[in-house]
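These are the residues of each chain, in order.
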Amino acid sequence: AAGEVREARGEALARRDEEVGEVETTHRELLHAVARAETSRVEAEKAAERAATLEARLEASEAGALLLRTELERHKLDSDTLMRSEAGRSSELSSASADLEQAREALKERERRLEASALAILQLEAQLTRMQEAKGRIEDGLTARCERAEARMKAAQDALGEAGT
């Protein structure tokens, strides 16, 4: 009878040691999962910083586009004024024509710049949208990972509690 008790006790101790090993393995895996989740969180923060930078660049581009529009309007007014004032002066006509042509070229250049700025703004907005969508996916993934990691950690703690008793 004493031999059977020792054998049963040895088997129980072996099962407990095996369960403790499994719980420790699960605990290590949970610690790794938490570390990966933290890395993902840092990556999400970096993505958010990049998105904020892009948003600032977008705002700066919009301000630049507004300045170009204002300058374009000024050049249009200057061009119109020049055309009216020079129309009555036949002796200065060739000079006025040259100035007008320069103003038109400047106007065309401003319009090209404005179009380029508008395209850049659209590209930045698209990139910002993609970054915000990526940030959302990363945050969703992090939330899911954290929830799974917390559930596994709770299960491991429960198993450790049961193994210790």
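This is a predicted model, so every value here is computed, not measured.

Asker: Even after reading the chapter, I still don't get a negative patch on the surface, so can you show me in this structure?
Answerer: A grouping of Glu18, Glu19, Glu22 and Glu162 is seen on the molecular surface, where their side chains present a negatively charged patch. With three residues, the single largest contributor to the negative patch is helix α1 (residues 2-87). Here Glu19 is to be found in helix α1.

Asker: Looking at this structure, how should I read the pattern of salt bridges?
Answerer: Pairs may arise between side chains of opposite charge once their charged atoms sit close together. Using the criterion set out here, one finds eleven salt bridges in the structure. We note a salt bridge from Arg16 to Asp17, for which the minimum N-O separation is 3.7 Å. The exposure class assigned to Arg16 is partly exposed, which follows from its relative accessible area of 39%. Residue Glu105 pairs with Lys108 through a salt bridge whose shortest N-O separation is 3.8 Å. Of this pair, Glu105 and Lys108 both sit in helix α2 (residues 93-164), three residues apart, which is roughly one turn of the helix. With relative accessibility at 40%, the residue Lys108 sits in the partly exposed group. In this structure, a network of salt bridges that share partners links the residues Glu38, Arg41 and Glu45.

Asker: Whenever I open this one, the nonpolar core confuses me. Can you help?
Answerer: One broad rule of soluble globular proteins: the nonpolar side chains tend to lie buried together. Leu58, Leu114 and Met131 are the most contacted members of the largest nonpolar core, which has 13 residues in total. Residue assignment for this core shows that the elements contributing at least two residues are α1 and α2. Per-element accounting of this core gives the leading share, seven residues, to α1. The contacts of Leu58, once residues within four sequence positions are left out, are Ile121, Leu124, Glu125 and Leu128.

Asker: Could you clarify how one ought to interpret the environment of Ala56 in this entry?
Answerer: Looking at the element boundaries, Ala56 is found in helix α1. Considered as a pair, Ala56 and Glu19 are 37 residues apart in the sequence and their alpha carbons are 55 Å apart.

Analysis parameters
Residues numbered from 1 in each chain as written. Predicted model: local features only at pLDDT ≥ 70, side-chain atom pairs only at ≥ 80, totals over all residues. Heavy atoms only, no water. Patch = residues over 30% accessible without salt bridge, like charges linked within 9 Å, V, L, I, M, F, W, Y side chains within 5 Å. Areas by Shrake-Rupley, 256 points an atom, 1.4 Å probe, with all protein chains shown as cover. Salt bridge = Lys/Arg side-chain N within 4 Å of Asp/Glu carboxyl O. Lys, Arg positive; Asp, Glu negative; His and termini not counted. Charge placed at Lys NZ, Arg CZ, Asp CG, Glu CD. Helix = DSSP H or I, 4+ residues; strand = E, 2+ residues; numbered from the N terminus. Buried < 20%, exposed > 50% of the residue type's maximum accessible area, 1.4 Å probe, protein only. Core = buried A, V, L, I, M, F, W, Y, C linked by side-chain atoms within 4.5 Å. Contact = heavy atoms within 4.5 Å.

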